[in-house]
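Here is how the chains run, residue by residue.
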Amino acid sequence: MIYTVTLNPAIDYNMSFAQIKPGEVNRSSGEYINYGGKGINVSAVLAQLGVKSSALGFIAGGTGDELEKGVREMGVSCDFVRLTRGMTRINVKLHSDVDTDLNANGPDIDEDALDELLTKTDKMRDGDTVVLAGSVPASLPRDIYVRIARRISDRDIRLAVDAEKELLTSILPYRPFVVKPNTDELSGIFGRKLTDINDVSECASELRKMGAKNVLVSMGSGGALLLDEDGKKHFRAAFIGTAVNTVGAGDSMLAGFLAGADKGYDYALLLGTAAGGAAAFSEGLADKEDIDALINSLP
Ligand SMILES: Nc1ncnc2c1ncn2[C@@H]1O[C@H](COP(=O)(O)OP(=O)(O)OP(=O)(O)O)[C@@H](O)[C@H]1O
Ligand SMILES: [Mg+2]
């Protein structure tokens, strides 16, 4: 089983406007909802690829019920910790000539709820995968990902980490199966400018030395570089298309990589790149039809 962890999931309420006039009543020309957070995004794309996963994390209040319903409807099973106070956040996304995001903080998560989440990891078994993706809300200890990694370290569980700076580096001693920084995140980790693929490769190699088995660096329309667990380097160019909304391309890529990993790393990188591209070329995340179409378009 693949478990994804989303500490601060959100209902994204998207509204489109021809023009937004601040200080006035603006009427939207269309609305849609996304149920999200990075771990949930990974679960959603895994479901598209026919891979079962279970979404973990924290939800609260009526918006939490709605989020869980939405996630289940995407074909993902849920095992969220339910907080007794507060509500799952609603982020408002305004789409116009420029996009504006109004992101909420989300509910406070207390020690009891944190313990409940950690206890849920006890049912994970050898061969399972845990995806730790996204930032950590202010009410949780910064080392929450390390606590999870430590708690499962007695079993042969694969860790996949998509997070920034020390959230990612602190997991390296636990030998994660894969880490997926984008170039900005990689540059932030090493505090150096990455000017070409050699620089990217050097930093990726450093992350392997620090403990990561596979390092997958996504470079947006520049494609992706994978240093696999044998130290072999794989590069794949991005698919060519018109970028519509690249948010979630990285989450889609990680899902593709995990879904393909047992068929060899070239295939995992291909499936990851196709999922990333399918996400970038569409309004939402990657769906199966679009991923297949990209793979079938290859000579
Ligand atoms: N404009 C694009 N055209 C083609 N492919 C793209 C484009 N943007 C992203 N991709 C594909 O998706 C992969 C992941 O994208 P990116 O590097 O932007 O991830 P990210 O920055 O982690 O995104 P996010 O955190 O928003 O999910 C890329 O390696 C590439 O294969
Ligand atoms: Mg990302």
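Residues numbered from 1 in each chain as written. Chains lettered and ligands numbered in written order. Predicted model: local features only at pLDDT ≥ 70, side-chain atom pairs only at ≥ 80, totals over all residues. Heavy atoms only, no water.

Student: Looking at this structure, how should I read the overall build of the chain?
Tutor: Tallying secondary structure elements over the chain gives ten helices and 14 strands in all. In summary, the chain has a C-alpha radius of gyration of 19 Å against a globular reference of 19 Å for 299 residues, a match within 12%. Taken along its principal axes, the extent of the C-alpha atoms in the chain is 55 × 45 × 40 Å. Within the chain, buried positions represent 50% of all 299 residues. The contacts of the chain with a sequence gap of at least 6 include a subset with a gap of at least 24, amounting to 62%. Put simply, the chain shows about 14,000 Å² of open surface, and 48% of that area lies on carbon and sulfur atoms. (Helix = DSSP H or I, 4+ residues; strand = E, 2+ residues; numbered from the N terminus. Rg over C-alpha atoms; globule rule 2.2 N^0.38 Å. Buried < 20%, exposed > 50% of the residue type's maximum accessible area, 1.4 Å probe, protein only. Contact = heavy atoms within 4.5 Å. Areas by Shrake-Rupley, 256 points an atom, 1.4 Å probe, with all protein chains shown as cover.)

Student: Which parts of the structure should I look at to understand the packing of helix α8 (residues 249-260) against helix α9 (residues 265-280)?
Tutor: Between α8 and α9, whose axes approach to 7 Å, the crossing angle comes to 150 degrees. Taken together, the axes of α8 and α9 are roughly antiparallel relative to one another. Of the two possible hands of crossing, α8 and α9 adopt the one that is right-handed. Where α8 abuts α9, its residues Ala 249, Ser 252, Met 253, Gly 256, Phe 257, Ala 259 and Gly 260 lie against Tyr 265, Tyr 267, Ala 268, Leu 269, Leu 271, Gly 272, Thr 273, Ala 275, Gly 276 and Ala 279. (Axes fitted to C-alpha atoms, helices over the stretch in contact; angles between N-to-C directions. Parallel < 35°, antiparallel > 145°, perpendicular 65-115°, else oblique. Left-handed = near helix turned anticlockwise from the far one by under 90°.)

Student: Explain the domain arrangement of the chain to me, please; I cannot follow it from the model alone.
Tutor: Accessible area lost upon the coming together of the parts serves often as the stated size of an interface. Parsing the chain into structural domains produces domain 1 (1-176) and domain 2 (180-299). Look at where the C-alpha atoms of domain 1 and domain 2 centre, and you get two points 21 Å apart. Contact residues are listed per partner, giving 25 residues for domain 1 and 28 residues for domain 2. For the domain 1 and domain 2 pair, buried surface summed over both sides reaches about 2,300 Å², with 65% attributable to carbon and sulfur atoms. Our count for the domain 1 to domain 2 interface comes out at two salt bridges. (Domains from an automatic or database assignment. Buried area = accessible area lost by both parts, 1.4 Å probe. Salt bridge = Lys/Arg side-chain N within 4 Å of Asp/Glu carboxyl O.)

Student: Can you walk me through the side chain of Glu 68 in this structure?
Tutor: Counting through the fold element by element, Glu 68 comes out in helix α2 (residues 61-73). The exposure class assigned to Glu 68 is buried, which follows from its relative accessible area of 17%. What Glu 68 contacts, discounting residues up to four positions off in sequence, is Ile 59, Cys 78, Phe 80 and Arg 82.

Student: Looking at this structure, I do not really get the sheet that holds strand β2 (residues 10-16). What am I missing?
Tutor: Within a beta sheet, neighbouring strands are joined by backbone hydrogen bonds and run either parallel or antiparallel to one another. Strand order in the open sheet made by the four strands is β3-β2-β7-β8, with mixed pairing throughout. With partners counted over all chains shown, the strands left at the sheet margins are β3 (30-36) and β8 (99-102), one partner each. Sheet twist, expressed as the average angle between the axes of neighbouring strands with direction ignored, equals 20 degrees. Pairing of β2 with strand β7 (residues 89-95), which is carried by seven bridges, proceeds in the parallel orientation. Its bridge partner lying in β7, Ile 11 is registered against Ile 90. The strands touched by α2 within the sheet are β2, β3 and β7, with β3 carrying the most contacts at an inclination of about 85 degrees. (Pairing = 2+ DSSP bridges.)

Student: Hey, could you run me through the side chain of Asn 91 in this one?
Tutor: Tracing the backbone through its elements, the reader meets Asn 91 in strand β7. For Asn 91, a relative accessible area of 4% translates into the label buried. Apart from the residues lying within four places of it in its own chain, the contact partners of Asn 91 are Ala 10, Ile 11, Asp 12, Tyr 13, Leu 102, Asn 103 and Ala 104.

Student: Help me understand the nonpolar core in this model?
Tutor: The tendency in soluble globular proteins is for nonpolar side chains to be buried as a group. Grouped together as the largest cluster of nonpolar side chains are 45 residues, with contacts concentrated most on Leu 7 and Phe 58. Among the elements that line this core, the one with the most residues is helix α4 (residues 144-151), at five residues. Mapping this core onto the domain boundaries places at least three of its residues in each of domain 1 (1-176) and domain 2 (180-299). Filtering out sequence-adjacent residues up to four positions away, Phe 58 remains in contact with Thr 6, Leu 7, Pro 9, Phe 80, Val 81, Leu 83, Ile 109, Ala 113, Leu 114, Leu 117 and Leu 140. (Core = buried A, V, L, I, M, F, W, Y, C linked by side-chain atoms within 4.5 Å.)

Student: Any chance you could explain the packing of helix α6 (residues 183-190) against helix α7 (residues 197-209) here in plain terms?
Tutor: Helix packing for two helices is described by the angle between their axes and how far apart those axes are. Interhelical geometry of α6 versus α7 gives an angle of 65 degrees and a closest axis separation of 10 Å. One way to sum up the angle between α6 and α7 is to call them roughly perpendicular. Remark: the crossing between α6 and α7 carries left-handed chirality. Note on element contacts: α7 touches α6 through Val 200, Cys 203, Ala 204, Glu 206 and Leu 207, opposite Thr 183, Leu 186, Ile 189 and Phe 190. Taken together, the residues of the contact of α6 with α7 sort by class into seven nonpolar, one polar and one charged. (Nonpolar A, V, L, I, M, F, W, Y, C, P; charged D, E, K, R; others polar.)

Student: In this structure, what is going on with the site of ligand 1? I would like to understand it.
Tutor: In the vicinity of ligand 1, 24 residues are found, and the nearest of them are Lys 38, Asn 182, Ser 218, Gly 220 and Gly 250. One of the side-chain nitrogen or oxygen atoms of Lys 38 is found 2.9 Å away from an oxygen atom of ligand 1. At 3.1 Å from an oxygen atom of ligand 1 is found a main-chain nitrogen or oxygen belonging to Gly 248. Summarising the interface, the protein chains cover 87% of the accessible area of ligand 1, which totals 630 Å² for the free molecule. Partitioning the shell around ligand 1 into residue classes produces ten nonpolar, eleven polar and three charged. (Near = heavy atom within 4 Å. Polar contact = N/O pair within 3.5 Å; in protein donor to acceptor, adjacent residues only side chain to side chain.)

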